[in-house]
Amino acid sequence: MSSRESILSKIKASQPEQRALPGLTGLNLQVDLVFQKYREVLTSIGGTVVEVGSFDEIKTFIMSEYNTSLRLITTLPELADIAETGWLEADPHSLSDVELTIIRGVFGVAENGAVWLTEKEMGQRVAPFICQNLAIVIQKENIVADLHLAYERIGNEENNFSTFLAGPSKTADIEQSLVLGAHGSRSLVVFVL
Amino acid sequence: MQHSEAADIFNKDVERTTWHDETLWWVRQKRDKVAFQIPEWESLRETASQIKNNVLSNLHDYLVSFEEQAIRNGVKVHWAADAEEHNQIVLSILRENNINSLSKSKSMLTEECHMNEFLSHNGIDVIDTDLGERIVQLRQEPPSHIVMPAIHLKKEDVSDTFHEHLNTEKGNNDPQYLTEVARHHLREKFLERKLALTGVNFAVAETGEFVVCTNEGNADMGAHLADVHIACMGFEKIIPKREHLGVFLRLLARSATGQPITTYSSHFRKPREGQQMHIVIVDNGRSTQLGRKDFRNSLKCIRCAACMNTCPVYRRSGGHSYHNAVAGPIGSILAPNLDMTKFADLPFASTLCGSCSNVCPVKIDIHDQLYKWRQVLVQSGHAPTVKKLGMKAMNFTFSHPAAYQLGGSVGRKIMKALPFLVNNGMNPWFKNREMPEPPSESFRDWYKKNRKK
Ligand code: SF4
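In this text the structure is predicted, and so the values were computed from the model without any measurement.

A. Local environment of the pairing of strand S1 (residues 76–80) of chain B. Residues and elements named next belong to chain B. Counting buried residues in S1 gives four out of five residues, a clear majority hidden from the surface. In the sheet, S1 pairs with strand S10 (residues 276–282) via five bridges, with the strands oriented parallel. Bridge pairing links Ala80 to Val282 in S10.

Next up, the structure:
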């Protein structure tokens, strides 16, 4: 008997009697001001929320806050004049020198500050991780209160790879001192349009 | 070495023990703070517990469905009956691809399987990429905690280790500086390693996707740069549907470190273009535990470590004292399932205060299971000798009421007159504890005098 068969048959013989799945109602977090909550939580985990009215404002912010002599990449055609767009098919290793990645996020989650990203928005899977700094653009109306609503929204979508990304990469492995910028991006700015 | 002996050694450094104790308690308090901000917290725990109960009763079908979906997604699925087979599978994937080094993100399962030792004996270089795991790997130590692997070390220790292996400035203990050096060191590895191995936090039966949670981003850096991604999971990681992730992801990081969610909660469904993706599903004693009615609930665990952070024994004895990959209260339930002789001491390394069960996000009856293990171990002749004598006496006393009453009044007298008889080496409870003042009269005496007049 293969291990697969023997494991499965042992499980079948040992598993307890049927227990029903619970419903997922009554678990939602009451959030009155979804955007304010999102900003508060993301700020508390080391991210920055920047409210903007247009892509021009995003550009102005980027030009003044980042070192634009280094490599900037984006998936957004609106930003093609300040950042590279031709990297989508490149070897992912070639992104190791990226200073700033700017991508779109699908929606934000107020209770934990996360942004939902799928492979489509990332351009390449490694793009939001390998960069020194990350900026994500979301629409103000696309912020949900909690994770249950988030998964409702995702539904049965078939994404090959996707992630909830909440704040800059961090570690507290040395004596519980919080340090931003472990392996992923050192900073995260979420532009809310 | 048994837990109590190892704990003795740990406790020799009083200052460090106190610091360890306080650090973990601080993490526990962070957990409380965020949990109290969620009015529906208790319903969430109850729901998570019920989902996991459903999982245990449907594991067979859920695993079959998960496998089917994963294969449809282009993932290769392997099954390993034990640690040995798990390690062989990983090795054979490496060999097939002519790869002799890999980057690994945190996976307690590979610790349980002693995979690093096995692979290095076979000429494979494994580099741990979680900062805490890298620190203990350089020191040739196992992790002492499942979420914070280097929690037993102070920054001076890390500084010395990095100075020796990574050429950092001697005596520079700044965590920012040390982390920055590790970032550069490990970035090089991510860029050169062709194979990445990760753990799995949740595997969704409905979709065949699996979720990996990290704060550092090491699982993603490894997986998205490697040609081959291997994800290893104990079979209990399965959950029925994607929507259930909402429940578990809300609980996991809050229970673990007091964060609202980990920085990255990555959902892997299909390999990247041109990439190979493997999933290794491991039993290694889990199906036996599933058959143990009293202990199967331990398979509901989502490895948040809240039970360790809150445990007065863990906090004052350190993770290494448990001589098992998973330490603390939950480790003490899982370990005897694998080897009753070797781990007979662990269920006794608890005060049964119940704090673990109170914080557990999936409501495992941890302290009850520890108590039940003690009985199983004593009955099957596995209990450590000192405890066995104590338990036998207790058993005799409790089943003979007259002896109980007499014993009580004699005991109170002995403790007053000759406290060293109780506070001696045969009474493991005395270590680092003053025995409480004996009450001047027992409840029974008091009741007789005052209420039965
Ligand atoms: S037993 Fe419960 S508290 Fe302990 S690690 Fe597992 S899930 Fe967390």
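Next comes the rest of the account.
B. Looking closely at the interface of chain A and chain B. Contact with chain A, which involves 70 residues of that partner, is made by 95 residues of chain B. Along the contact surface separating chain A from chain B lie six salt bridges. Across the salt bridge formed by Glu180(B) and Arg186(A), the nearest N and O atoms sit 2.8 Å from each other. For the interface between chain A and chain B, the tally reads 46 residue pairs in polar contact (both at pLDDT 80 or more). Elements that contribute at least two residues to the side of chain A that touches chain B include exactly helix H1 (3–14), helix H5 (127–130), helix H6 (147–154), strand S8 (161–165), strand S9 (170–171) and strand S10 (179–180) of chain A. When residues of the side of chain A that touches chain B are assigned to their parent elements, the largest contribution, eight residues, is made by H1(A). Residue composition of the side of chain A that touches chain B, grouped by class: 30 nonpolar, 27 polar and 13 charged.

C. The pattern of salt bridges, seen in detail. By the definition in use, this model includes 36 salt bridges over all chains. Lys363(B) serves as the salt-bridge partner of Glu46(B), at 2.8 Å between the closest nitrogen and oxygen. Linking Glu46(B) in helix H3 (residues 41–57) with Lys363(B) in the loop between helix H17 (355–359) and helix H18 (366–379), this pair joins segments that are 317 residues apart in sequence. For Glu46(B), a relative accessible area of 31% gives the class partly exposed. You can call Lys363(B) partly exposed: its relative accessible area is 32%. Shared partners join several salt bridges into a network, and the residues in it are Glu111(A), Glu40(B), Arg250(B) and Arg254(B).

D. Highlighting the sheet that holds strand S9 (residues 264–268) of chain B. Strand order in this open sheet of eight strands is S7(A)-S4(A)-S5(A)-S8(A)-S9(B)-S6(B)-S5(B)-S8(B), and the pairing throughout is mixed. Sheet topology places strand S7 (143–144) of chain A together with strand S8 (238–239) of chain B at the edges, where each strand pairs with a single neighbour. Bridge count between strand S6 (residues 210–214) of chain B and S9(B): five bridges; the pairing is antiparallel. The residue of S9(B) that forms the bridge with Val212(B) is Ser266(B). Its contacts with the sheet put H6(A) on strand S4 (107–109), strand S5 (114–118), S7 and S8 of chain A together with S9 of chain B, and the angle it makes with S4(A) is roughly 155°.

E. Just helix H5 (residues 83–96) of chain B, in detail. All names here are of chain B. In this model, H5 (14 residues) spans 20 Å end to end at C-alpha, consistent with the 20 Å of a helix rising 1.5 Å per residue. Taken together, the buried positions of H5 are Ala83, His86, Asn87, Ile89, Val90, Leu91, Ile93 and Leu94. Once H5 finishes, Asn98 follows within two positions and takes phi at roughly 55°, a positive value.

F. Molecular detail of the sheet that holds S10(B). Residues and elements named next belong to chain B. Across the sheet, six strands lie side by side as S1-S10-S7-S4-S2-S3; this open sheet has parallel pairing. Whereas interior strands pair on both sides, the edge strands pair on one side only; in this sheet they are S1 and strand S3 (125–128). Neighbour-to-neighbour, the strand axes of the sheet open up by a mean angle of 25°, direction not taken into account. As judged from the four bridges shared by strand S2 (residues 101–104) and S3, these two strands associate in the parallel manner. The residue bridging Leu102 from the neighbouring strand is Val126, located in S3.

G. Structural context of the site of the ligand. Residues and elements named next belong to chain B. Taken together, the residues surrounding the ligand are Cys301, Ile302, Arg303, Cys304, Ala305, Cys307, Ile330, Cys360, Pro361, Val362, Ile364 and Ile366. Most atoms of the ligand, that is more than half of them, are within 2 Å of grid points of the second largest cavity. Its residues assigned to classes, the shell around the ligand comprises eleven nonpolar, no polar and one charged.

H. Spotlight on the packing of aromatic side chains. By the definition in use, this model includes eleven aromatic pairs over all chains. On the basis of an interplanar angle of 50° and a centroid distance of 4.6 Å, the ring pair of Trp116(A) and Phe164(A) is categorised as tilted. Of this pair, Trp116(A) sits in strand S5 while Phe164(A) sits in strand S8, and the two are 48 residues apart along the sequence. On the accessibility criterion, Trp116(A) (2% relative accessible area) is buried. For Phe164(A), a relative accessible area of 0% translates into the label buried. Cluster of aromatic residues (ring-pair linked, three or more members): Phe129(A), Phe161(A), Phe210(B), Tyr264(B) and Phe268(B). A cation over an aromatic ring shows up here: Lys52(B) above the ring of Phe248(B), its NZ or CZ 5.5 Å from the ring centre. Across from the ring centre of Trp19(B), 4.7 Å away, lies the NZ or CZ of Lys154(B), which sits over that ring.

I. Representation of the nonpolar core in the model. Counting 138 residues, the largest nonpolar core has Phe164(A) and Ile238(B) as its most contacted members. Per element, the largest residue contribution to this core is seven residues, and it comes from helix H12 (residues 245–257) of chain B. Grouped together as the second largest cluster of nonpolar side chains are 23 residues, Ile89(B), Ile93(B), Met115(B) and Leu197(B) included.

J. Region of the structure containing empty space enclosed by the protein. Residue and element names in this part refer to chain B. Summed over all chains, the structure comprises five cavities of 30 Å³ or more. Taken as a whole, the largest cavity spans an internal volume of roughly 160 Å³. As for the largest cavity, its lining consists of 15 residues, of which Glu112, Arg286, Arg303, Leu334 and Leu338 are closest to the centre. With three residues, helix H16 (residues 328–338) is the single largest residue contributor to the lining of the largest cavity. Looking at the lining of the largest cavity residue by residue, the classes come out as five nonpolar, six polar and four charged. Put simply, the second largest cavity is a space of about 90 Å³. When contributions to the lining of the second largest cavity are tallied by element, the ones reaching two or more residues are helix H14 (306–310) and H17. Along the lines of polarity and charge, the residues of the lining of the second largest cavity split into 15 nonpolar, no polar and one charged.

Quick notes on the rules
- Residues numbered from 1 in each chain as written.
- Chains lettered and ligands numbered in written order.
- Predicted model: local features only at pLDDT ≥ 70, side-chain atom pairs only at ≥ 80, totals over all residues.
- Heavy atoms only, no water.
- Buried < 20%, exposed > 50% of the residue type's maximum accessible area, 1.4 Å probe, protein only.
- Helix = DSSP H or I, 4+ residues; strand = E, 2+ residues; numbered from the N terminus.
- Pairing = 2+ DSSP bridges.
- Contact = heavy atoms within 4.5 Å.
- Salt bridge = Lys/Arg side-chain N within 4 Å of Asp/Glu carboxyl O.
- Polar contact = N/O pair within 3.5 Å; in protein donor to acceptor, adjacent residues only side chain to side chain.
- Nonpolar A, V, L, I, M, F, W, Y, C, P; charged D, E, K, R; others polar.
- Axes fitted to C-alpha atoms, helices over the stretch in contact; angles between N-to-C directions.
- Expected span 1.5 Å × (residues − 1).
- Near = heavy atom within 4 Å.
- 1 Å grid on protein atoms, 1.4 Å probe; cavity = no way out; pocket = protein on both sides within 12 Å on 5 of 7 lines; lining within 4 Å.
- Sits in = over half its atoms within 2 Å of the grid points.
- Phe/Tyr/Trp six-rings, centres within 6.5 Å; stacked < 30°, edge-to-face > 60°.
- Lys NZ or Arg CZ within 6 Å of the ring centre and 35° of its normal.
- Core = buried A, V, L, I, M, F, W, Y, C linked by side-chain atoms within 4.5 Å.
- Points joined across faces, edges and corners; volume = space filled by probe spheres on them.

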